[in-house]
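Topology and contacts: notes
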Amino acid sequence: MLRNLGLTAGHALTLETTSDRRIVLTPKRKYTLAEMIAQCDLSAPAPADMAAWDSMKPEGGEVW
């Protein structure tokens, strides 16, 4: 059955039901990093809780 649907074991799917009680399985879309970055609003302010990260000193082998 997986082969007929073009799927492999472990493939991520979304499961939905319709108003007439049918089950619909849809493969989850895989996004590239470029596609995800293109959706970001780079002019949006950073969340307030991220300010603490900017003021922390390195703890290990991070490049500073």
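Residues numbered from 1 in each chain as written. Predicted model: local features only at pLDDT ≥ 70, side-chain atom pairs only at ≥ 80, totals over all residues. Heavy atoms only, no water.

Structural notes on the environment of leucine 13
Cut-off, in case you're wondering: Runs of E in the DSSP output that reach at least two residues are strands. Runs of H or I that reach at least four are helices, and both are numbered from the N terminus. It only takes one pair of heavy atoms within 4.5 Å for two residues to be counted as in contact.
For leucine 13, the location among the structural elements is in strand E1 (residues 13-17). When the C-alpha positions of leucine 13 and leucine 25 are compared, they lie 6.2 Å apart, and in sequence the two are 12 residues distant. Those residues in contact with leucine 13, other than ones at most four positions away along the chain, are Leu7, Leu25, Thr26, Pro27 and Lys28.

Side note on the pattern of salt bridges
When the charged atoms of two side chains lie near each other, side chains of opposite charge can form a pair. So the rule is basically this: For salt bridges, the criterion is a side-chain nitrogen of Lys or Arg within 4 Å of an Asp or Glu carboxyl oxygen. The rule is simple: take the accessible area with a 1.4 Å probe, protein chains only, and divide by the maximum for that residue type; under 20% is buried, over 50% is exposed, in between is partly exposed.
Tallied over the full model, the rule gives two salt bridges. With its nearest N and O atoms 3.3 Å apart, the salt bridge here joins aspartate 20 to arginine 22. A salt bridge links arginine 29 to glutamate 35, with the shortest nitrogen-to-oxygen separation between them at 3.1 Å. With a relative accessible area of 29%, glutamate 35 lands in the partly exposed category.

Details of a nonpolar patch on the surface
The test is simple: Distance thresholds for patches are 9 Å for like charges and 5 Å for nonpolar side chains (Val, Leu, Ile, Met, Phe, Trp, Tyr), applied to residues having over 30% relative accessible area and no salt bridge. Only the protein chains shown count as cover for residues, with accessible areas throughout obtained via the Shrake-Rupley method and a probe of 1.4 Å.
A contiguous nonpolar surface patch, about 400 Å² in accessible area, is contributed by Leu13, Leu15, Ile23 and Leu25. Here leucine 25 is to be found in strand E2 (residues 23-27).

Structural notes on the pairing of E2
For a regular strand, side-chain orientation follows a simple rule: the groups alternate between the two sheet faces. This is how the line gets drawn: Note on pairing: two strands pair once DSSP finds at least 2 bridges between them.
Looking at chain direction, E1 and E2 are connected through five bridges and run antiparallel. Residue pairing across strands places threonine 17 opposite isoleucine 23, the latter belonging to E2. Here E1 folds back onto E2 in antiparallel fashion, the turn holding five residues, of which arginine 21 has a positive phi close to 70°.

By themselves, these observations are geometric and do not establish any function.
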